[in-house]
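Coordinate analysis (summary)
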Protein chains: 2
Amino acid sequence: MTELLVPETRVLAVASHVVYGHVGNTMAEFVMQSLGCEVAALNTVHFSNHTGYRQFKGTRATAQEITELYQGLCQSNLTDFDVMLSGYAPSAAAVEAVGAIGIDLQKKAENKPGSFFWVLDPVMGDQGRLYVNDDVVPAYKKTIHHADLILPNQFEAEVLSGVKITSLSTLAEAITAIHRIYSVPHVIITSVQILKLSQSGSTPSPPENYLTVIGSTTRSDGSPRLFRIDVPALDCFFSGTGDMFAALTVARLREAVDAASPDLRNTASWVSPDDVEPSNLPLAQATIKVLSSMHSILERTMEARDAELAAASSLDGGLTAEEQEKQEYLRRTKAAEVRLVRNARFLRDPLVQFAVQEWRKEDMPTHLQ
Amino acid sequence: MTELLVPETRVLAVASHVVYGHVGNTMAEFVMQSLGCEVAALNTVHFSNHTGYRQFKGTRATAQEITELYQGLCQSNLTDFDVMLSGYAPSAAAVEAVGAIGIDLQKKAENKPGSFFWVLDPVMGDQGRLYVNDDVVPAYKKTIHHADLILPNQFEAEVLSGVKITSLSTLAEAITAIHRIYSVPHVIITSVQILKLSQSGSTPSPPENYLTVIGSTTRSDGSPRLFRIDVPALDCFFSGTGDMFAALTVARLREAVDAASPDLRNTASWVSPDDVEPSNLPLAQATIKVLSSMHSILERTMEARDAELAAASSLDGGLTAEEQEKQEYLRRTKAAEVRLVRNARFLRDPLVQFAVQEWRKEDMPTHLQ
């Protein structure tokens, strides 16, 4: 029986939990489990549903509660994690508590290079605005120094790098700055809307309605090794896609590192030798599979959403216009929940093959070449 | 591609959550998801690990927090559940809060018979003793009246029925009493240690080291239709097996009901017509697959446990005898965590085929024949 599982991997996943739908750990846990990872989910909030509904109920874990759950693991020797994936935390103190967990796990692993790897999704905002308190930003900036891979979106990359991304060359500058400022060896900037950027250099424009994902693993001199993958954008917004990306990346990176060479798994931060070309990086090879799985699942989600919305609405008569609008909004939001479980085969078996391109030197700003 | 998924089923799962290992919802959620069920997990406790470690950290949800999470679902129209699976709740008030959720979902479904089904695992104790507060028992007794299927173990069946189970005939009496007292149409008593019971009548004894699972769906006159499945017992205790049983039962019962007849799905409480023999009941057919999956996974868990324990222990020298004993206990408990994720194929594809037997009339006490 072909099982299509990645090598055995124990993951500590620290993020939010919702009862209904799939975001945060409620997305990441099943995604990684489907690929064969043993996932310990430490939930930072307990909400009824994601905040895109514009209403929810539930509670947030305090920094102390997060710390105590981890102490509970420590006291019973339950900290044999290969990877930590940390996502949304509900306050600056919570970000610091999660950071302390990562740092402690790193310390426990310091005599075995490569035995622990920390993927950090710096959840701070999107589309030009923060959706966390201002004090969360410095908390992340302190923490990221310890991470092995970070997964900011375009806005978060701007916040972290201090570089306003308006073109391909400023994008390269932002990644270079992130490598340098935070000594973080791997970066992926998810969903850059490259069409909106003013084009520079000779980089071929992707076809219309494509999203671009840019990643890099540093060389030993700290310089970036940039790769780029263009994927067709779907005309819809789905909550939890960042969490799906992160979870798939954990599993596929682990797989690609194991496949790359017997030594890489035992190399600090899984940084490939300098002679590995950008498009052959395990990070690039992993990202291809990640985006393929996501594309298949989101395509099917969009079809299911359209079918659900086409079905007759069961709205009561006699509602005010305002109430009717609210009910319709809730219905549309629910219909857009990612159809994860029934499409799990696409997690295990990515079908589409997107092309990865090295981001060539001549496309970079002169001072980075 | 053969996907081996059960018909689409939306489940509200109300039980405990642990960061590490697999018990409560941390078992049930992945089990049901693996079979294609869309699971909304409402967590009643947030612990670092299961209590079998004899130490843990974390928090319990209050009855009010449980109620509010459900209200969060209600206000956004996120209550389209086909099944509720309710398990451990940390207090009598919490049991009542969970009960109120089940009753509300039943009320929402009252115009569509069979559109909502409630599986209740009355988690109260085991091996002759309660591990919940005394006031939890009357809270369950009130709630069970509303459930469609309950899954007590032998001890819980005694508590609920008031019948001390010392023989096969008292076992039949207990099930009959549960049907009658609580009007609950389906019952499975999980893991009866039948060898310890004094045998009565002509029932063939199962081979040594077998566990017996007994179930029943009432006829229209309230009489039981008893079936029995003997499975080889594994010489090991694993936490979370009750939750695995419950979760698999949800998925497989739904599948068996759909397979049985087009009408059954739209019949209140999915009770088969009187002419369906005990061993042909969807409940019996479902239980065969449930026990097969469990047997394969627990067999592999035992192998993995033995391999893990055979590996050198990394105990520090210089520990006191007491501390050494504690560390060894923790190590053994961790090694016995169910190996769920890497064996998910056995959830989807049960291999072993156990035999179901009708429990014949002549095996029952005279007044039940």
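These numbers come from a predicted model, not from an experiment.

**Here we look at the interface of chain B and chain A**
Interface size is commonly expressed as the accessible area that is lost once the parts come together. With 56 residues of chain B in contact, the opposing surface of chain A contributes 56 residues. Where chain B abuts chain A, roughly 4,700 Å² becomes buried across the two surfaces, and 54% of that area is made up of carbon and sulfur atoms. Among the residues of chain B in contact with chain A, Val19(B), Tyr20(B) and Arg342(B) are the three that bury the most area, contributing 15% of the side total. On the surface where chain B and chain A come into contact, there are two salt bridges. In this structure, Asp80(A) engages Lys334(B) in a salt bridge whose closest nitrogen and oxygen atoms are separated by 2.9 Å. Seen at the junction of chain B and chain A, the total is 20 residue pairs in polar contact (both at pLDDT 80 or more). Where the side of chain B that touches chain A is concerned, the elements lending two or more residues are strand S1 (10-18), helix H1 (25-34), strand S2 (38-47), strand S3 (58-60), helix H2 (63-75), helix H9 (321-335) and helix H10 (344-348) of chain B. At eight residues, the largest contribution of residues to the side of chain B that touches chain A is made by S2(B). Looking at side-chain class alone, the side of chain B that touches chain A contains 24 nonpolar, 18 polar and 14 charged residues.

**Some details on the environment of Tyr88(A)**
Residue and element names in this part refer to chain A. In this structure, tyrosine 88 sits in the loop between strand S4 (83-86) and helix H3 (92-108). Judged by relative accessible area, tyrosine 88 falls into the partly exposed class, the value being 22%. Apart from residues no more than four positions distant in its own chain, tyrosine 88 is found in contact with Val14, Ala15, Ser16, Thr44, Val45, Val123 and Val132.

**Notes on the packing of aromatic side chains**
Residues and elements named next belong to chain A. A full pass over the atoms with the stated rule returns seven aromatic pairs over all chains. Measuring from centroid to centroid gives 4.3 Å for phenylalanine 47 and phenylalanine 56, while their planes differ by 35°, and the two rings are tilted. Judged by relative accessible area, phenylalanine 47 falls into the buried class, the value being 7%. For phenylalanine 56, a relative accessible area of 28% corresponds to the partly exposed category. One Lys or Arg, arginine 54, reaches over the ring of tyrosine 329 and ends 3.6 Å from the middle of that ring.

**Description of the sheet that holds strand S3 (residues 58-60) of chain A**
Residue and element names in this part refer to chain A. An order of S3-S2-S1-S4-S5-S8-S9-S10-S11-S12 is seen for the 10 strands of this open sheet, with the pairing classed as mixed. Single-partner strands in this sheet number two, and they are S3 and strand S12 (356-358). Two elements, strand S1 (residues 10-18) and S4, share four bridges in a ladder whose sense is parallel. When the bridges of S4 are listed, leucine 12 appears paired with methionine 84. Running over the sheet, helix H5 (residues 154-161) touches strand S8 (149-150) and strand S9 (186-192) and is turned about 135° from S9.

Each value, and the rule that gives it
- Residues numbered from 1 in each chain as written.
- Chains lettered and ligands numbered in written order.
- Predicted model: local features only at pLDDT ≥ 70, side-chain atom pairs only at ≥ 80, totals over all residues.
- Heavy atoms only, no water.
- Contact = heavy atoms within 4.5 Å.
- Buried area = accessible area lost by both parts, 1.4 Å probe.
- Salt bridge = Lys/Arg side-chain N within 4 Å of Asp/Glu carboxyl O.
- Polar contact = N/O pair within 3.5 Å; in protein donor to acceptor, adjacent residues only side chain to side chain.
- Helix = DSSP H or I, 4+ residues; strand = E, 2+ residues; numbered from the N terminus.
- Nonpolar A, V, L, I, M, F, W, Y, C, P; charged D, E, K, R; others polar.
- Buried < 20%, exposed > 50% of the residue type's maximum accessible area, 1.4 Å probe, protein only.
- Phe/Tyr/Trp six-rings, centres within 6.5 Å; stacked < 30°, edge-to-face > 60°.
- Lys NZ or Arg CZ within 6 Å of the ring centre and 35° of its normal.
- Pairing = 2+ DSSP bridges.
- Axes fitted to C-alpha atoms, helices over the stretch in contact; angles between N-to-C directions.

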